[in-house]
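One-letter residues, chain by chain:
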2 protein chains.
Amino acid sequence: MRMEKLVSPKLSDVKIEDRFWSRYIKLVREKMLPYQWEVLNDRVSDAAKSHCIENFKIAAKESTGKYYGMVFQDTDAAKWLEALAYSLEGEKNSELEKEADEVIDLIGRAQQKDGYLDTYYTIQEPLGRWSNLREGHELYTAGHMIEAAAAYYQATGKDIFLKIVCRLADCICNTFGPDEGKIHGCPGHPEIELALVKLYRLTRDEKYLNMAKYFLDIRGSQSPSHFEEEQKMDGFHHIFPEFEHLGYNNIQAHKPIRKQKKADGHAVRALYLYSAMADVGYECRDESLLDACRTLFDHITGAQMFITGSVGAAADGECFTCDYDLPNNYNYSETCASVALAMFSLRMFQVEGDGKYMDIAERALYNTVLGGMSLNGTEFFYVNPLEVVPEQLKANRTLHHVLPSRRKWLGVACCPPNIARTLTGLGNYIYSENEDTLFVNLFIAGKCSVKLKEGTISVSVQTDYPYDGKVKITVENHEGIPFSLAVREPGWTKVEQMISKSGKEVSVRREKGYLYTEKTVWESQAEFIFEIPLKPVLMCAHPRVASDAGKAAIVRGPLVYCLEEADNGKNLGAVVLDAGGSIEPVFQEDLLGGTTAVLADAWRVSEKGWEGKLYQPVTERLEKCRVKAVPYCMWNNRGEGEMRVWLRVMKEYQDNTQ
Amino acid sequence: MRMEKLVSPKLSDVKIEDRFWSRYIKLVREKMLPYQWEVLNDRVSDAAKSHCIENFKIAAKESTGKYYGMVFQDTDAAKWLEALAYSLEGEKNSELEKEADEVIDLIGRAQQKDGYLDTYYTIQEPLGRWSNLREGHELYTAGHMIEAAAAYYQATGKDIFLKIVCRLADCICNTFGPDEGKIHGCPGHPEIELALVKLYRLTRDEKYLNMAKYFLDIRGSQSPSHFEEEQKMDGFHHIFPEFEHLGYNNIQAHKPIRKQKKADGHAVRALYLYSAMADVGYECRDESLLDACRTLFDHITGAQMFITGSVGAAADGECFTCDYDLPNNYNYSETCASVALAMFSLRMFQVEGDGKYMDIAERALYNTVLGGMSLNGTEFFYVNPLEVVPEQLKANRTLHHVLPSRRKWLGVACCPPNIARTLTGLGNYIYSENEDTLFVNLFIAGKCSVKLKEGTISVSVQTDYPYDGKVKITVENHEGIPFSLAVREPGWTKVEQMISKSGKEVSVRREKGYLYTEKTVWESQAEFIFEIPLKPVLMCAHPRVASDAGKAAIVRGPLVYCLEEADNGKNLGAVVLDAGGSIEPVFQEDLLGGTTAVLADAWRVSEKGWEGKLYQPVTERLEKCRVKAVPYCMWNNRGEGEMRVWLRVMKEYQDNTQ
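Residues numbered from 1 in each chain as written. Chains lettered and ligands numbered in written order. Predicted model: local features only at pLDDT ≥ 70, side-chain atom pairs only at ≥ 80, totals over all residues. Heavy atoms only, no water.

Under an unreviewed UniProt entry, chain A has the name Glycosyhydrolase and belongs to Blautia pseudococcoides.

This is the structure in structure tokens:
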């Protein structure tokens, strides 16, 4: 294990000025955050009711009425605050900051004397605190509060919220743990663990780290478990009786976490848990925890991840299923699970320094995380299918969990604010640093100042990635310190060479998916120029993935492409890509606000000779055509229609007539 | 419209002595009927509880206790009695007949004074009679009782049961109809309509026919409908609240039946309804009804039928969905729906004399109806998938309705007795007659005596179809009457020639899927010899069926084949059929009790080069192999394992490496 993990620069030191990403981040800043604030306050009439702020008011006894919403409704506000905090680091917004300050005060007033904070239990079941760890989501909610407060403190320097969550964390530490009289249990939905590590890193108070580790260690280790015991208590009742049939594997509590060799159960829970395992594993130098993380990461990405960087094949249980079960039209692939996959990947990268983790973070971010939101920033997917025929979704309720288009808000509103906080926190992913090395992980145009051990350097990235692969990194090194630049070489390509301003080749060392320059005192305005090849590629899936057999997906760089009805008409299942044909990227200014389409040679199975027939001896008349693919993350922005990522592929025309 | 429809000879005149079918019929006679009788009496400990007979006892006040089971539990007994009746026509069984007589007496004692008969309402809701036509299933249950009684009367000549159901039918006629004071409604689940036509044909009492026609005419014609009105009545409560979300199209009551141009809603209900429409259409010379039937039949078979002769793509609502929505691993394809498709097809054939209808009846019977039962006769499928990976069924609950293996009995036990009555009534499908023509519809070895207008002839069919296509039909014509023989020429093939005993070609006229010999006084022991070509064929589906794109199914004659793990190992999705390779049938005495396998050249996608990878640029290393396919109807008789009907197909090896 590395002695020191890589760290991200402060968000406020990262500026993003990127054609691809800035539009999204601007959307979050200018539309999503104000919009979500309106939703949280129930002022958007055609969106699902949130009641989130009202719940805090009722808990603070400043309003009357009943609690409304899911037990974890508080987290909508927490994730909004976290997203706003990240946003404020990049760009001030005094109006929203004022709203935030007010809601933070309100949260403070809704907090109980002993630090307890959860409006559901405060309003609805004041005697029921901590009585249902499996379903109650109190620790999950606390985790999001802590993450938000940590972010808000870092962004604004204001410590009111931080103090609130320290009292909350103290309340948790007083309630849980190995000591007699404390609850020997862990939450049904992980999140508190990684939040406590964040709080530890900010406060350096070890009790928070120990608490996180306790929650991890006890998980799946007891027999009978606290989850079983709590059900036997007087007054216990299920909050989600509809999930009673799910086993303990759904909450990753079926065996001790170090013995979990395969990702299992609810995908978001799993990935929040694994993220915490990576955090605690690093902080406690616990190699067994990190080993489990490595194994789980390889399992997910080797057998249970969709090409779009999404996970969770099953709707019921929102969970991982069995290896190579990757259905394209009834998958679940929750947006939050891709957010969590990116979180886990980033943590693993920071510990391991291996680019393979950033490959996956990039894939999740560029495809499913972005695909979760509309290009106007106000509509969201919870489920992210890879294949949609709207008529089938409506007619066949086996697919009822899949929507043909995004919704304004969602009853379980975890995804929209999760996208928001990921986008405003994107700066965390782009650069990393250790003592003497500046890492460029993602190719996103912008600037950053990075504090290395011996001084500060400023880096500026110019690129039109993912539309164009040319990247120029300029490092201003006014202090004249020695440093090494490490540039990620994505696992799916090879970077030919890196040249300097003068056109001379910069010699690099390849290690674990990064190109390292030598460590030296580079000139005061050094340039590093290279190109990430972005040839569109037809990708195929492992032979055991039956749903992708004989099919290919068009991928260009980090972007997975799809065919949409808007460009290619209906019956996309009848398209056959020509593996030997031309396939070329074309930037189109008027397409989806400006994006690169991929045009590809293909055939379409003709319907001639099929009149009135449903089956006949194998015969296939193919008609040459050219299809237009658009980035998956931008699908469903031109009305409802068919969409398909995986398409049949052949190398030559085959006349199958016998 | 033909003036006289074709009719089936009496079941007692049909003897089946056929390698393929006799084993099944023997199973029904010797195992299923006795076994199901035990189940109905709750004497099979490891099968789902039936309580059916006990319900009758309670209704007759001969036992105490509560009603148990679905509201239509009575039909389990009715379908069993109907199956037994057909069986008795072929072979006496005094033991079961004695049980039947006793249960019929019991049914009589459970009948109410006014003829009403339904143990659920009698026991559970005596004041609720006819209060919930949508969900109550009283008319559905009555229909099955009538069908059973008609069959029992024809088989035994005993009229006790017939009298019971006449009183029941009279009660229905007194309750429903256009007159003031009667209920102006129709049932949620059709079945009574076709049963009333049967009763009419037996008794020639026109009120039964008129009643059937009334139920058809009023369906979907009222606004508001009786279904809507009944919900507003005091005390109304849903029996199946879980189906409340389903629209009136689910029960084919969304528009008048003559305006229904596409099959819609619950597949079994739809096909029972269409069967009744064909019956009433014929009896009332109602061309508009028959036109609707023709349109609906063509719609189903042209856009919504699986190649295995099953229908109903959606589990929720057990219903037809949208055109070309034919998913192979999450379809519903209820066994009963294929029974009903065969029923509808036979009726349409009898009215239209067109072989295309028998093609579909044959497909349903030889594949899904038979596939619904195990080769030991005691285990049953309700849902009939075309593709199963047992691990996925267990891990991904979107597929929860699909079982990897048959069950001993089913909570909703419609399918097992429906298979039983279809198999013991198979004789109805094999031959038809009109004034002067003997029709041979299915190629099933056996004998039949047929009464034509001018006298009786005896026909004997010798064949090993569907394993071998050679058919010899011998007609004994001792009375020396003129007749024409009409032999079905399946729509999927061409019969080269028909020869006589002396080897001379018999001249035939082709019309609507039949080969007609001239009408003449054939010699007293005339022979007609021909061959149905049974070359295995790779079939493909319409280009709009995305789930079958690029795939083929192996079909030989009426039998659809599938690959099973038992013969071909796991990962059947990695198999690619060689469309240009050899494909040959091989009868194997030791395979599944003796059946014809199909051996076919194929490839398997190699896993070499895939270690640790889930996606990579298109590359496919194919390894030559030979696969062994077995008849779909016999799958899952060798333990749990993968099964797949549709397989990738290519004509030549393609190296897709770019």
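After that view of the structure, there is still more to cover.
Considerations on the overall build of chain A
Cut-off, in case you're wondering: Every helix listed is a DSSP run of H or I at least four residues long, and every strand listed is a run of E at least two residues long, numbered separately from the N terminus. The quantity called the radius of gyration is restricted to C-alpha atoms. Its globule counterpart is 2.2 Å times the number of residues to the power 0.38. Only protein chains enter the accessibility calculation, which uses a 1.4 Å probe; a residue whose area is less than 20% of its type maximum is buried, one above 50% is exposed, and one in between is partly exposed. In this analysis, two residues are considered to be in contact whenever any of their non-hydrogen atoms come within 4.5 Å of each other. All accessible areas in this document rest on Shrake-Rupley with a 1.4 Å probe, and a residue is counted as covered only by the protein chains that are shown. Charge assignment in this entry is limited to Lys and Arg as positive and Asp and Glu as negative, and neither His nor the chain termini are counted. By convention, the charge on Lys lies at NZ, on Arg at CZ, on Asp at CG and on Glu at CD.
Counting its regular elements, chain A contains 18 helices and 24 strands. Taken over the C-alpha trace, chain A has a radius of gyration of 25 Å; the compact-globule value for 658 residues is 26 Å, and the two agree within 12%. For the C-alpha atoms alone, the extent of chain A along its principal axes is close to 75 × 70 × 50 Å. Burial analysis of chain A (658 residues in total) assigns 65% to the buried set. Partitioning the intrachain contacts of chain A with sequence separation of at least 6 by distance along the chain shows that 71% fall at a separation of at least 24. Summing over all exposed atoms, chain A offers an accessible surface of approximately 22,400 Å²; the carbon and sulfur share of this is 48%. Averaging the locations of the 78 positively and 94 negatively charged side chains of chain A gives two centres separated by 1 Å.

As for the sheet that holds strand β7 (residues 470-476) of chain B
All names here are of chain B. Selection rule: Strand pairing is assigned whenever DSSP detects at least two bridges linking the two strands.
Pairing in this open sheet of seven strands is antiparallel, and the strands run β1-β5-β6-β7-β14-β9-β10 from one edge to the other. This sheet does not close on itself; its edge strands, each paired only once, are β1 (14-16) and β10 (505-506). Bridge count between strand β9 (residues 498-500) and β10: two bridges; the pairing is antiparallel. Each bridged residue has a counterpart across the sheet, and for Ile499 the counterpart in β10 is Glu505.

Some thoughts on the packing of aromatic side chains
Residues and elements named next belong to chain A. Here is the rule: Stacked, edge-to-face and tilted are the three classes for Phe, Tyr and Trp ring pairs, Trp counted by its six-membered ring, which pair at centre distances within 6.5 Å; planes under 30 degrees apart are stacked, over 60 edge-to-face, the rest tilted. A ring is scored as having a charge over it whenever the NZ atom of a lysine or the CZ atom of an arginine sits within 6 Å of its centre and within 35 degrees of its normal.
Under the counting rule described, the total for this entry stands at 65 aromatic pairs over all chains. Ring geometry for Phe349 and Phe439: centres 6.1 Å apart, planes at 80°, overall edge-to-face. Of this pair, Phe349 sits in helix α13 (residues 335-352) while Phe439 sits in strand β4 (residues 437-440), and the two are 90 residues apart along the sequence. The exposure class assigned to Phe439 is buried, which follows from its relative accessible area of 1%. A connected cluster of aromatic rings, assembled from ring pairs, spans Phe20, Trp21, Tyr24, Tyr366, Phe443, Tyr465, Tyr467, Phe530 and Phe587. The ring of Tyr516 carries Arg509 above its face, with NZ or CZ at 4.5 Å from the centroid.

Considerations on unusual backbone geometry
Omega for the peptide link from A:Tyr465 to A:Pro466 comes to 5°, which places this bond in the cis form. The backbone of B:Arg285 shows a phi angle near 50°, a positive value even though the residue is not glycine. By secondary structure assignment, the location of B:Arg285 is in the loop between α11 (267-283) and α12 (287-303). The class for B:Arg285 is partly exposed, based on a relative accessible area of 38%. With phi around 55°, B:Leu592 is a residue other than glycine that occupies positive phi space.

Thoughts on the state of the cysteines
Residues and elements named next belong to chain A. What counts here: In what follows, a disulfide is any cysteine sulfur pair within 2.5 Å.
If you walk through the whole model with that rule in mind, you get zero disulfides over all chains. In this model Cys186 remains outside any disulfide bridge; the closest cysteine sulfur is found in Cys173, 15 Å from its own. With no disulfide of its own, Cys415 has Cys336 as its nearest cysteine by sulfur position, at a separation of 3.5 Å. The exposure class of Cys415 is buried, given its relative accessible area of 0%.

Overview of the interface of chain A and chain B
Operational definition: Buried area is a sum: the accessible area each of two parts loses on coming together, probed at 1.4 Å, counted once for each and added. Salt bridge, as applied in this entry: a Lys or Arg side-chain nitrogen positioned within 4 Å of an Asp or Glu carboxyl oxygen. Within 3.5 Å is the distance limit for a polar contact, defined as a pair of N or O atoms, with the added protein rule that one can donate a hydrogen and the other accept it, and that residues adjacent in sequence qualify only through two side-chain atoms.
Residue-level contacts link 71 residues of chain A with 71 residues of chain B. Counting each side, the surface lost to burial between chain A and chain B is near 5,500 Å², with a carbon and sulfur contribution of 58%. Broken down residue by residue, the surface that chain A buries against chain B is led by A:Pro543, A:Leu614 and A:Tyr615, which jointly contribute 14%. The interface formed by chain A and chain B includes four salt bridges. A:Asp316 is the salt-bridge partner of B:Arg397, the closest N and O atoms lying 2.4 Å from each other. Linking chain A with chain B are 22 residue pairs in polar contact (both at pLDDT 80 or more), by the criterion used here. When contributions to the side of chain A that touches chain B are tallied by element, the ones reaching two or more residues are α12 (287-303), α15 (390-395), β15 (537-541), β21 (615-617) and β24 (646-650) of chain A.

A short note on the pairing of strand β6 (residues 455-463) of chain B
Residue and element names in this part refer to chain B. In this sheet, β6 lies alongside strand β5 (residues 446-452) in antiparallel orientation, the contact comprising seven bridges. Paired with Cys448 across the two strands is Val459, which belongs to β6. Here β5 folds back onto β6, and the loop between the two strands holds two residues. Judged from the six bridges that link them, β6 and β7 form a sheet pairing that is antiparallel. In the sheet register, Ser458 faces β7, and the bridge partner there is Glu476.

Some points on the domain arrangement of chain A
Residue and element names in this part refer to chain A. Rules: As used throughout, domain bounds are those supplied by an automatic or database domain assignment.
By domain assignment, chain A separates into domain 1 (12-233 + 248-430), domain 2 (434-531) and domain 3 (537-650). Each of domain 1 and domain 2 was reduced to a C-alpha centroid, and the two centroids are 33 Å apart. Across the boundary between the two partners, domain 1 contributes 22 residues, which contact 25 residues of domain 2. Here domain 1 meets domain 2 over a buried area of about 2,000 Å², counting both sides, of which 50% is carbon and sulfur. Three residues, Asp13, Glu362 and Ile430, lead the burial of domain 1 against domain 2; their summed loss comes to 27% of the area buried on that side. Taken together, domain 1 and domain 2 are joined by four salt bridges.

A word on the relation of the copies chain A and chain B
Test applied: Only residues with pLDDT of at least 70 in both copies contribute their C-alpha atoms to the least-squares superposition of the copies.
For the pair chain A and chain B, the best superposition has an RMSD of 0.0 Å and corresponds to a rotation of 180° with a translation of 0.0 Å parallel to the axis. Taken together, the rotation and translation describe the operation of a two-fold axis. Residue A:Thr398, judged by its C-alpha, is the member of chain A lying nearest the rotation axis, at 3.4 Å.

Structural notes on the pairing of β5(B)
Residue and element names in this part refer to chain B. Burial along β5 is one-sided: Gly446, Cys448, Val450 and Leu452 are buried, while Lys447, Ser449 and Lys451, pointing the other way, are not. Of the strand pairs in this sheet, β1 and β5 are connected by three bridges, and their pairing is antiparallel. Looking at the pairing, Lys15 lines up with Lys447 of β5.

Comments concerning the sheet that holds strand β9 (residues 498-500) of chain A
All names here are of chain A. Within the open sheet, the seven strands sit side by side as β1-β5-β6-β7-β14-β9-β10. Their pairing is antiparallel. Strands at the two margins of the open sheet, each flanked by one partner only, are β1 (14-16) and β10 (505-506). Sheet topology places strand β7 (residues 470-476) next to strand β14 (residues 525-531); seven bridges connect them, and they run antiparallel. Bridge pairing in β14 links Glu476 to Gln525.

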